Amino acid sequence: LFGSLLIERFSPIEFVPLPPIHPRRPIAILNLLPAEEPIQPTRLLPNGVAQIVDGYAAVNHFLNKIDVAELGALVVMAHGTESSAESPFRLPDGRSWALPTNRGLPPLVILMACGNDEGNLVWDANRLLEAGSQTVLAPLGRPCPDAAGRFLASLLPAWQSGTRVGDILLDLQKDSDSDRSARLMQLIGRADLRMSSEVQLEELD
């Protein structure tokens, strides 16, 4: 059923019109992988697609300085704790960490880390929806770092071109090589979120 069926988790029963995100709103990637990590998925991204913030100190400074809610999208890339008893991400020094919500969140948040089979990242995604995000993509299971980079390199430019995030995920899941990337990703929230300067009829109040 991959590429044919899309499940929206924690999606509202009744939809109000959702205007598109303006293309001027930037995309930021918080890269919390250790610098010595042999595979850095962000290196697979096309130039200019997103601002990449490397390392915990820079990430912490960025989150405290920037109005995060004004971003178009935010990607968190890290190792996962794979534990439902602690925060979902593992910092290079071994501490667990979670994306803070006290300064708001952008409409689209993508969590790219290893989760457990009970869905600890999916449950954390629901926390982010409650904090103001419209759509969260999070894996159920353990994505491959190289595949995660290729997934983002396909998804982010397609979303910037005006395609709905649910349609992009559905299309990427058709690839038989996506079992460690797109096929693990769960869509929590709204699948109709897109980025464009032009409003379509169904997006009008």
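Residues numbered from 1 in each chain as written. Predicted model: local features only at pLDDT ≥ 70, side-chain atom pairs only at ≥ 80, totals over all residues. Heavy atoms only, no water.

Moving on, we come to the sheet that holds strand β10 (residues 185-189). Strand order in the open sheet made by the 7 strands is β1-β10-β9-β8-β4-β2-β3, with mixed pairing throughout. Every interior strand has two partners, whereas the edge strands, β1 (8-9) and β3 (51-54), have only one. Along the sheet face, helix α2 (residues 120-130) touches β1, β8 (108-112), β9 (135-139) and β10 and points at about 165 degrees away from the line of β9. Set on the sheet, helix α4 (residues 165-173) makes contact with β8, β9 and β10; between it and β10 the angle comes to about 165 degrees. (Pairing = 2+ DSSP bridges. Helix = DSSP H or I, 4+ residues; strand = E, 2+ residues; numbered from the N terminus. Contact = heavy atoms within 4.5 Å. Axes fitted to C-alpha atoms, helices over the stretch in contact; angles between N-to-C directions.)

Let's shift gears to a nonpolar patch on the surface. Taken together, the side chains of Leu-1, Leu-5 and Ile-7 present a nonpolar region at the surface, about 350 Å² in accessible area. With a relative accessible area of 52%, Ile-7 lands in the exposed category. (Patch = residues over 30% accessible without salt bridge, like charges linked within 9 Å, V, L, I, M, F, W, Y side chains within 5 Å. Areas by Shrake-Rupley, 256 points an atom, 1.4 Å probe, with all protein chains shown as cover. Salt bridge = Lys/Arg side-chain N within 4 Å of Asp/Glu carboxyl O. Buried < 20%, exposed > 50% of the residue type's maximum accessible area, 1.4 Å probe, protein only.)

With that settled, consider the pattern of salt bridges. For the structure on display, the rule yields 10 salt bridges. Salt-bridge contacts for Asp-192 lead to Arg-190; the nearest nitrogen and oxygen are separated by 2.8 Å. Residue Asp-192 is classed as partly exposed on the basis of its relative accessible area, which comes to 24%. Here the salt bridges do not stand alone but share partners, grouping Arg-164, Arg-194, Glu-202 and Glu-203 into one network.

Turning to unusual backbone geometry, a few remarks are in order. One non-glycine residue, Glu-82, lies in the positive phi region at around 55 degrees. Along the chain, the position of Glu-82 falls in the loop between β5 (79-80) and β6 (89-90).

Another aspect to go through is the pairing of strand β4 (residues 73-77). The element β4 is extensively covered by neighbouring structure, given that 5 of its 5 residues are classed as buried. What you see with β4 is no split at all: Ala-73, Val-75 and Met-77 on one side and Leu-74 and Val-76 on the other are buried throughout. With 5 bridges joining them, strand β2 (residues 27-31) and β4 adopt parallel strand pairing. Counterpart to Ala-28 in the pairing with β4 is Leu-74. Sheet analysis places β4 next to β8, joined by 5 bridges and oriented parallel.

Another point: the sheet that holds strand β7 (residues 96-97). With antiparallel pairing, 3 strands are arranged side by side in an open sheet as β5-β6-β7. Looking at which strands have only one partner, the edges of the open sheet turn out to be β5 and β7. Where β5 and β6 come together, 2 bridges link them in antiparallel fashion. Counterpart to Gly-80 in the pairing with β6 is Phe-89.

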